[in-house]
Amino acid sequence: MTEVDFKKLKFNPFKLLGKEWMLLSAGNEQDGCNTMTISWGHLGCIWGNNDPTAVVYIRPSRYTKTFVDKEDYFTLCVMDASFKKQMAYLGSVSGRDENKIEKAGLTKVFADNSVYFEEAKLVLICKKEYAADLKESGFIDKEVLEQAYPMRDLHTMYVGKIEKILVRDDEYLG
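Residues numbered from 1 in each chain as written. Predicted model: local features only at pLDDT ≥ 70, side-chain atom pairs only at ≥ 80, totals over all residues. Heavy atoms only, no water.

As annotated in an unreviewed UniProt entry, the chain carries the name NADH-FMN oxidoreductase RutF, flavin reductase (DIM6/NTAB) family and is attributed to Prevotella scopos JCM 17725. Turning to the chain, the UniProt record has this under Sequence similarities (unreviewed entry): "Belongs to the flavoredoxin family." (UniProt positions renumbered as here; feature names shortened; annotations may be inferred.)

Have a look at this one:
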C-alpha cells in the first residue's frame, strides 16, 4: 500500500459509506482487536486547519466499541466488492462469540497505532479527537428517534482526525 495526501483523493463519500461500506477496526497486537461493518458516517473537515476527519457511530452493545473506547486510534477500511459477503457477516456476528476476522479470511496488519486489513483497497487511519453519546433530547425530529432507536440504545459518536491514508492502487486518486 502507498501513503497519499488527502488532497489527492477522489471519491464520492456518500457512495463510499452507503454503497461500498467500511470496516471500522481498533485494537493492538498484544490485547487483541475487533472490527465491524459500517454503512453510514461522515467524512469531512473540522477544527484546526480544516484537518480531514471521519465521524463514526457505534451502539453501546457492539464489541468493537470496547476497543475504540480503549485505543487512541481507529481505522476505516474499504474493501473490494468481492468482500461484500464477508462484510455483511462481519456486521452481523459479534467478535465476543467467535474469531470473526479469521473466519472472514482477513489478514490483520498491526501498524500506525492500530489495526487494518491487508486486503483493503483504502485505509483511513484516524486519531480519536472527540467522543460523545447521542442524547434523546438532541433529536428535533422525534420520528428519527423512534425509527432508529426504539430500544433507546443510542450510538456514541467519535470524531477522528485522519492522520494517514493508504491506497492499494490509484482507484481513489485524482
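Okay, back to it.
Let's shift gears to the nonpolar core. Within the largest apolar cluster, 25 residues are counted, with the highest numbers of intra-cluster contacts made by Phe 74 and Leu 76. Elements with a minimum of two residues in this core: helix 1 (13–20), strand 2 (22–28), strand 3 (32–38), strand 5 (52–58), helix 2 (63–70), strand 6 (73–78), strand 9 (122–133) and strand 10 (156–167). Here this core gets four residues from one element, more than from any other, and that element is strand 10. Not counting chain neighbours up to four residues away, the residues in contact with Leu 76 comprise Met 22, Leu 23, Leu 24, Ile 38, Ala 54, Val 56, Leu 122, Val 123, Leu 124 and Cys 126. (Core = buried A, V, L, I, M, F, W, Y, C linked by side-chain atoms within 4.5 Å. Buried < 20%, exposed > 50% of the residue type's maximum accessible area, 1.4 Å probe, protein only. Helix = DSSP H or I, 4+ residues; strand = E, 2+ residues; numbered from the N terminus. Contact = heavy atoms within 4.5 Å.)

The next point concerns the side chain of Thr 53. One can find Thr 53 in strand 5. Among all residues touching Thr 53, those that are not within four sequence positions of it are His 42, Leu 43, Gly 44, Cys 45, Ile 46, Glu 129, Val 159, Gly 160, Lys 161 and Ile 162.

Positive phi, normally seen in glycine, also occurs at Asp 112, with a value near 50 degrees. Relative to the helices and strands, Asp 112 resides in the loop between strand 7 (108–111) and strand 8 (114–117). Judged by its relative accessible area of 29%, Asp 112 falls in the partly exposed class. For Asn 113, which is not glycine, the phi torsion reads 65 degrees and is therefore positive. The exposure class assigned to Asn 113 is exposed, which follows from its relative accessible area of 53%.

Pairing analysis gives six bridges linking strand 6 to strand 9, with the strands arranged antiparallel. Residue pairing in the sheet places Tyr 73 in a bridge with Lys 127 of strand 9. Pairing analysis gives eleven bridges linking strand 9 to strand 10, with the strands arranged antiparallel. Across the sheet, Leu 124 pairs through a bridge with Ile 165, a residue of strand 10. (Pairing = 2+ DSSP bridges.)

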